[in-house]
Amino acid sequence: KALIVETRRRIIEESIPRIKKCLYELDEKEIWHRPNDNSNSVGNLVLHLCGNVTQWIGSGLGKLPDHRLRDIEFEEKGPLPATILLKKLDELIILINEVLENISEEDLLKLHDVQVYKETGVGILVHVIEHFSYHTGQITYYVKWKKDIDTGYYTEDLG
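One numbering rule holds for all chains: residues counted from 1, following each sequence as written. Given that the model is predicted, a residue must reach a pLDDT of at least 70 before its local features are reported, and side-chain atom pairs must reach 80 or more before they are shown or counted; all residues, however, enter totals for whole chains, interfaces and linings. As a rule here, side-chain values cover all heavy atoms of the structure and leave hydrogens and water aside.

Draft legend 1. A look at the packing of helix α3 (residues 42-61) against helix α5 (residues 82-101). The geometry of α3 relative to α5 is characterised by a closest axis approach of 10 Å and an angle of 20° between their N-to-C directions. Comparing the axis directions of α3 and α5 gives the class roughly parallel. The two elements α3 and α5 cross, and the hand of that crossing is left-handed. Contacts between α3 and α5 involve Gly43, Val46, Leu47, Leu49, Cys50, Val53, Thr54, Ile57, Gly58 and Leu61 on the former and, on the latter, Leu85, Lys88, Leu89, Leu92, Leu95, Ile96 and Val99. Classification convention: Asp, Glu, Lys, Arg as charged; Ala, Val, Leu, Ile, Met, Phe, Trp, Tyr, Cys, Pro as nonpolar; all other residues, Gly among them, as polar. Broken down by class, the residue content of the contact of α3 with α5 amounts to 13 nonpolar, three polar and one charged. Note on method: axes are straight lines fitted to C-alpha atoms, helices fitted across the in-contact stretch only, with angles between N-to-C directions ranging 0 to 180 degrees. Helix and strand assignments follow DSSP, with helices taken as H or I runs no shorter than four residues and strands as E runs no shorter than two, numbered in order from the N terminus. Orientation is classified from the angle alone, with under 35 degrees giving roughly parallel, over 145 giving roughly antiparallel, 65 to 115 giving roughly perpendicular, and any other angle giving oblique. When the near helix sits turned anticlockwise from the far one by under a right angle, the crossing is termed left-handed; a clockwise turn instead gives a right-handed crossing. Note on contacts: a residue pair is in contact if any heavy atoms of the two residues lie within 4.5 Å.

Following this line, the structure appears as C-alpha cells:
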C-alpha cells in the first residue's frame, strides 16, 4: 500500500501539476522549441511521458493492449495545442488511478512483460516514478531557462 500511495503522490500530486504549471508558462512555439538536434521539446517530453506510463503501468501492470509507438512521441514537431497535452495528462491520471486501484500484492511481486523487459510490479512503479521525475526536471529546467522564473514548487499549493 505504501508504494501505491507514494506512486500517486510522486506522479499525480507532484510531477503532473508541475508539468501543467510549466505548460501554462509557455506559448505554443516555446512548447515545441528544440534547443538543438539532440534535444527534445517540452511537448515531446509530455508525449513521451504519457506513452511511457501508458505502456508500463497501463499495459505492463494493467494488462491493457499496448499500442505505443515510441518514435512518434519524439517525431511530433507541433504545434499540437497545449490543451491537448493537458488533456493527455488528465487522462493519464485516470489511467494510473484505475490500474493502481486494482493492483494486488501479488501483482507487485510477479514479473510482467514491458517492452523487451521482464519487470516486477515494484520495478515498474519505481521505473515510472524515477522516469517521470527525470523528465519533469528537464521540463522545469527549460521553463526556468526560457522564462527566468522561479516555478514556486515549494512556495505554493500545486494541488
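Draft legend 2. Looking closely at the layout of surface pockets. Only protein atoms enter the calculation, which uses a 1 Å grid: trapped sets of points that fit a 1.4 Å probe without letting it out are cavities, open sets showing protein on both sides within 12 Å along at least five of seven lines are pockets, and any residue with an atom within 4 Å of a point is a lining residue. Grid points are joined across faces, edges and corners, and a volume is the space filled by probe spheres set on the points. Volume-wise, the largest pocket comes out at about 420 Å³. In this structure, the largest pocket is lined by 17 residues; those nearest its centre are Cys50, Gly51, Thr54, Glu73 and Lys88. Taken together, the elements giving at least two residues each to the lining of the largest pocket come down to α3, α4 (70-75) and α5. Of all the elements, α3 adds the most residues to the lining of the largest pocket, at five residues. Here the lining of the largest pocket is composed, by residue class, of seven nonpolar, four polar and six charged. If you trace the second largest pocket, you find it lined by Pro35, Ser39, Asn40, Ser41, Val42, Leu45, Tyr134, His135, Gln138, Tyr141, Tyr142 and Trp145. If you list the elements that add at least two residues to the lining of the second largest pocket, you get α3 and α7 (121-147). Ranked by residue count, the leading element in the lining of the second largest pocket is α7, at six residues. Looking at the lining of the second largest pocket, its residues break down into seven nonpolar, five polar and no charged.

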